[in-house]
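A closer look at the structure
Spelled out, the chains give:
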Amino acid sequence: QEHEKPPAGSSGELRLNGKGKKLRKPRTIYSSLQLQALNQRFQQTQYLALPERAELAAQLGLTQTQVKIWFQNKRSKYKKIMKQG
């Protein structure tokens, strides 16, 4: 008889797939409030210093990594749009 596997990611840890590669965490869904604050901050400055990032992350209930990557992605999109004119 076949044993049923528990659904992937049901345990809290980051699991490895068959090839030994790390499975990515699901993408973060930001609330409209978080996005509003992030966009507002991005208009003031495109780069955050470490203490600013820590403060913003704490205010919004995000990790510093999430804030850092959001800013990286936003800068990248912004530059792409500027290049198109």
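Above this text is the structure in question.
Residues numbered from 1 in each chain as written. Predicted model: local features only at pLDDT ≥ 70, side-chain atom pairs only at ≥ 80, totals over all residues. Heavy atoms only, no water.

A short note on the environment of T63
With respect to the helices and strands, T63 occurs in the loop between α2 (50-60) and α3 (64-84). The exposure class of T63 is partly exposed, given its relative accessible area of 42%. It is 9.3 Å that separates the C-alpha atoms of T63 and R53, two residues lying ten residues apart in sequence. (Helix = DSSP H or I, 4+ residues; strand = E, 2+ residues; numbered from the N terminus. Buried < 20%, exposed > 50% of the residue type's maximum accessible area, 1.4 Å probe, protein only.)

Observations concerning the packing of helix α1 (residues 32-44) against α2
The N-to-C vectors of α1 and α2 enclose an angle of 160 degrees; their axes lie 10 Å apart at closest approach. Overall, the two elements α1 and α2 adopt an arrangement that is roughly antiparallel. Pair α1 / α2 crosses with right-handed handedness. For the pair α1 and α2, contact is made by Q34, A37, L38 and R41 and by E52, L56 and L60, respectively. For the contact of α1 with α2, a count of residues per class yields four nonpolar, one polar and two charged. (Axes fitted to C-alpha atoms, helices over the stretch in contact; angles between N-to-C directions. Parallel < 35°, antiparallel > 145°, perpendicular 65-115°, else oblique. Left-handed = near helix turned anticlockwise from the far one by under 90°. Contact = heavy atoms within 4.5 Å. Nonpolar A, V, L, I, M, F, W, Y, C, P; charged D, E, K, R; others polar.)

With respect to the side chain of R75
One can find R75 in helix α3. Setting aside anything within four residues of it in sequence, one finds R75 in contact with F42, Q46 and Y47.

A short note on the side chain of R53
With respect to the secondary-structure elements, R53 resides in helix α2. For R53, which is buried and forms no salt bridge, the nearest opposite charge comes from E52, at a distance of 9.4 Å. Apart from the residues lying within four places of it in its own chain, the contact partners of R53 are L48, Q64, V67 and K68. (Lys, Arg positive; Asp, Glu negative; His and termini not counted. Salt bridge = Lys/Arg side-chain N within 4 Å of Asp/Glu carboxyl O.)

Read these as layout, nothing more, since geometry by itself doesn't imply function.
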